[in-house]
There are 2 protein chains.
Amino acid sequence: MEPRLKVWVEAGDGRLVLSDYRVRLLELIAEKGSLADGAAEMGLSYRRAWGKLKEIEQNLGVRLVESVAGGAGGGHSRLTPEAKRLVASYNRFRHALAEHAAGDFAAAFRE
Amino acid sequence: MEPRLKVWVEAGDGRLVLSDYRVRLLELIAEKGSLADGAAEMGLSYRRAWGKLKEIEQNLGVRLVESVAGGAGGGHSRLTPEAKRLVASYNRFRHALAEHAAGDFAAAFRE
């Protein structure tokens, strides 16, 4: 037997704000420098990815992605400092909990 | 923001064996002394509860509920020692992980 777990983060009012899926989208936008490319990498339409992003921004009350104009490539998108902090925090949480899950499960089922 | 989590236990081959829902059914069967009454308490038909139970027994390869014949009331059902151990282990796991989740979340988002 082995433990499985699904994690997410809700706002105080119960609205979903962060999940593995949402954080993955943010990471891909950062990696590709583009919402369109990040969305494509997840098999999402631009429209759907944009809607998801706006939903998280609204639920959190913070801006997550910003556009950077100009440059040789004609501009790109990047995560705001706040979004980078959220992604890093979520991943720290995720990894710490996964380790605890393995240990807690072994201890609970050993007795 | 607050962390939320869903936990379950799979057999080595990926089949679901224990979850909050399944453990609750076992607890209610134990409490009521009857599969029918435990099922009713969860709003499940007897047939559906019985099917769920057989599925878990098959996936785990252990007997979970046994019938006790006779007595003034005409017999009842109870959990096998193995089922009692599984319920207790699952609950220990569940509670330990919930505490870790709160602590891990606070630590990860404090930084």
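Residues numbered from 1 in each chain as written. Chains lettered and ligands numbered in written order. Predicted model: local features only at pLDDT ≥ 70, side-chain atom pairs only at ≥ 80, totals over all residues. Heavy atoms only, no water.

Another aspect to go through is the overall build of chain A. Per the secondary structure count, chain A includes four helices and four strands. Along its sequence from the N terminus, chain A presents helices and strands in the succession β-β-α-α-α-β-β-α. Its C-alpha atoms give chain A principal-axis dimensions of roughly 60 × 30 × 25 Å. Among the 111 residues that make up chain A, the fraction classed as buried is 40%. In chain A, once contacts between residues fewer than 6 apart in sequence are set aside, the share between residues at least 24 apart is 44%. Carbon and sulfur atoms make up 49% of the accessible area of chain A, which totals about 6,000 Å². Here chain A holds 17 positive side-chain charges and 15 negative ones, and the gap between their average locations is 5 Å. (Helix = DSSP H or I, 4+ residues; strand = E, 2+ residues; numbered from the N terminus. Buried < 20%, exposed > 50% of the residue type's maximum accessible area, 1.4 Å probe, protein only. Contact = heavy atoms within 4.5 Å. Areas by Shrake-Rupley, 256 points an atom, 1.4 Å probe, with all protein chains shown as cover. Lys, Arg positive; Asp, Glu negative; His and termini not counted. Charge placed at Lys NZ, Arg CZ, Asp CG, Glu CD.)

Many analyses report the size of an interface as the accessible area lost when the parts associate. Each partner contributes to the interface: chain B provides 28 residues, whereas chain A provides 29 residues. Three residues stand out in chain B for area buried against chain A, namely B:M1, B:R4 and B:F93, and they jointly supply 22% of the buried area on that side. Residue B:E10 pairs with A:R4 through a salt bridge whose shortest N-O separation is 3.7 Å. Within the residue set of the side of chain B that touches chain A, elements represented by two or more residues are β1 (2–10), β2 (16–19) and α4 (81–110) of chain B. Tallying contributions element by element places α4(B) first for the side of chain B that touches chain A, with 13 residues. Looking at side-chain class alone, the side of chain B that touches chain A contains 19 nonpolar, two polar and seven charged residues. Across nine bridges, the pairing between strand β1 (residues 2–10) of chain A and β1(B) is antiparallel. Looking at the pairing, A:E2 lines up with B:E10 of β1(B). (Buried area = accessible area lost by both parts, 1.4 Å probe. Salt bridge = Lys/Arg side-chain N within 4 Å of Asp/Glu carboxyl O. Nonpolar A, V, L, I, M, F, W, Y, C, P; charged D, E, K, R; others polar. Pairing = 2+ DSSP bridges.)

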